[in-house]
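Coordinate inspection notes
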Amino acid sequence: MKSSAWKLKDVLLIAICAVVFGVIYLGCTYAGGILYGLLTPFGMASLGYELFYGIYFMAGAFGVYVMRKPGAGLIAELLAAVLECLYGNYFGPIIILSGLVQGLGFELIVALKGYKKFDRATMMQGAVICSVLTLGYNLVISGYNQIALPVLALMLAVRIVSAVVFDGLVTPLLADGLVKAGVLKGYAVAKDADADLED
């Protein structure tokens, strides 16, 4: 495992990540609410937020992929949820608990791999784990247990696709782009990229 010691630059990156993604999450919540309303006449309102779930997981995915330290994904996702709440999310403080569950998905997969593998396959696996964990959470907390099984299956499928696209593909591409631009110099993702070039 790489050094697990946190430095000031790690704290700053997590803070910036939380601020940026907190704003993005708030926008997704309102966009999801609009889509929820548009789908209501067709009896598919439950799908309103599903397209955005991959975006909701991005702070955790970004924290894990860039920092590659224990707790990075969990803390990034949790702080983004706290800030989203403070920005004015209409669901209230319950989203902080959602952030905790979302951050666990990526934290679990990289922990199982000893914080040594951060490739696209690992990120996609994390996306699937996040999707399943959060749906389980929704079943208990959000009343999704009242939704018909075929609709739940469709919701999970859409959530997984969204997560794989945004967290398994877009997030690594974004981080790799920032590495090439020199923005993430000194972070584990940049060091690993340099090591790959040397190989």
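Refer to the structure above for everything that follows.
The present account deals with the structure reproduced in this document. A quick note: this is a predicted structure, and the numbers were derived from the prediction, not measured.

Residues Trp6, Leu8, Val11, Leu12, Ile16, Val19, Val20, Val23, Ile24, Ile75, Leu79 and Tyr87 make up a contiguous nonpolar surface patch of about 1,000 Å² in total accessible area. Mapped by element, the contributors of at least two residues to the nonpolar patch are helix H1 (8-39) and helix H4 (72-87). Per-element accounting of the nonpolar patch gives the leading share, eight residues, to H1. Position of Leu79 among the secondary structure elements: in helix H4. The class of Leu79 is partly exposed, set by a relative accessible area of 36%.

Moving on: the side chain of Gln102. Secondary-structure assignment places Gln102 in helix H5 (residues 94-112). The class of Gln102 is buried, set by a relative accessible area of 9%. Setting aside residues up to four positions removed in sequence, Gln102 forms contacts with Tyr53, Tyr56, Phe57, Glu77, Cys130 and Thr134.

Ranked by internal contacts, the top residues of the largest apolar core, which has 44 residues, are Phe21, Tyr56, Val66 and Phe106. Elements supplying a minimum of two residues to this core: H1, helix H2 (53-56), helix H3 (58-67), H4, H5, helix H6 (120-141), helix H7 (149-180) and helix H8 (188-198). Per element, the largest residue contribution to this core is eight residues, and it comes from H3. Setting aside anything within four residues of it in sequence, one finds Phe21 in contact with Met58, Ala59, Phe62 and Ala80.

On to the packing of H5 against H6. In a packed pair of helices, the relevant descriptors are the angle between the two axes and the axis-to-axis distance. Relative to each other, H5 and H6 sit at 145°, their axes nearing to 8 Å. Regarding H5 and H6, the two cross each other, and that crossing is right-handed. Residue-level inspection shows Ile94, Leu97, Ser98, Val101, Gln102, Leu104, Gly105, Phe106, Leu108, Ile109 and Val110 of H5 in contact with H6, the latter providing Thr122, Met123, Gln125, Gly126, Ala127, Ile129, Cys130, Leu133, Thr134, Tyr137 and Ile141. Residue composition of the contact of H5 with H6, by class: 15 nonpolar, seven polar and no charged.

So, on to the layout of surface pockets. Taken as a whole, the largest pocket encloses approximately 520 Å³ of empty space. For the largest pocket, the lining is made up of 26 residues, of which Tyr53, Phe91, Asn138, Ser142 and Tyr144 are closest to its centre. Contributing elements (two or more residues each) for the lining of the largest pocket: H1, H2, H4, H5 and H6. Residue contributions to the lining of the largest pocket peak at five residues, all from H5. Partitioning the lining of the largest pocket into residue classes produces 14 nonpolar, ten polar and two charged.

Should their charged atoms come close, side chains of opposite charge can pair. A complete count under the given rule lists six salt bridges for this structure. Between Lys9 and Asp10 there is a salt bridge, and its shortest N-O distance comes to 3.8 Å. Using a relative accessible area of 29% as the deciding quantity, one classes Lys9 as partly exposed. Taking the relative accessible area as the measure of exposure, Asp10 reaches 1% and is therefore buried. A salt bridge links Arg68 to Asp192, with the nearest nitrogen and oxygen atoms 2.6 Å apart. Residue Arg68 is found in the loop between H3 and H4, and its partner Asp192 is found in helix H8; the two are separated by 124 residues along the sequence. Across the pair, Asp192 and Arg68 agree in class, each one buried. Where salt bridges share partners, they join Lys9, Asp10 and Lys69 into one cluster.

By convention here, two paired aromatic rings are described through the distance between centres and the angle between planes. All chains considered together, the criterion is met by nine aromatic pairs. Ring plane angle 85° and centroid distance 5.0 Å describe the contact between Tyr30 and Tyr90, whose orientation is recorded as edge-to-face. Remark: Tyr90 occurs in the loop between H4 and H5 and Tyr30 occurs in helix H1; sequence separation between them is 60 residues. For Tyr30, a relative accessible area of 39% gives the class partly exposed. Members of the aromatic cluster, joined through ring pairs, are Phe21, Tyr25, Tyr53, Tyr56, Phe57 and Phe62. In this structure, Arg159 packs its charged tip against the face of Tyr53, placed 3.6 Å from the ring centre.

So, how was this worked out
- Residues numbered from 1 in each chain as written.
- Predicted model: local features only at pLDDT ≥ 70, side-chain atom pairs only at ≥ 80, totals over all residues.
- Heavy atoms only, no water.
- Patch = residues over 30% accessible without salt bridge, like charges linked within 9 Å, V, L, I, M, F, W, Y side chains within 5 Å.
- Areas by Shrake-Rupley, 256 points an atom, 1.4 Å probe, with all protein chains shown as cover.
- Salt bridge = Lys/Arg side-chain N within 4 Å of Asp/Glu carboxyl O.
- Helix = DSSP H or I, 4+ residues; strand = E, 2+ residues; numbered from the N terminus.
- Buried < 20%, exposed > 50% of the residue type's maximum accessible area, 1.4 Å probe, protein only.
- Contact = heavy atoms within 4.5 Å.
- Core = buried A, V, L, I, M, F, W, Y, C linked by side-chain atoms within 4.5 Å.
- Axes fitted to C-alpha atoms, helices over the stretch in contact; angles between N-to-C directions.
- Left-handed = near helix turned anticlockwise from the far one by under 90°.
- Nonpolar A, V, L, I, M, F, W, Y, C, P; charged D, E, K, R; others polar.
- 1 Å grid on protein atoms, 1.4 Å probe; cavity = no way out; pocket = protein on both sides within 12 Å on 5 of 7 lines; lining within 4 Å.
- Points joined across faces, edges and corners; volume = space filled by probe spheres on them.
- Phe/Tyr/Trp six-rings, centres within 6.5 Å; stacked < 30°, edge-to-face > 60°.
- Lys NZ or Arg CZ within 6 Å of the ring centre and 35° of its normal.

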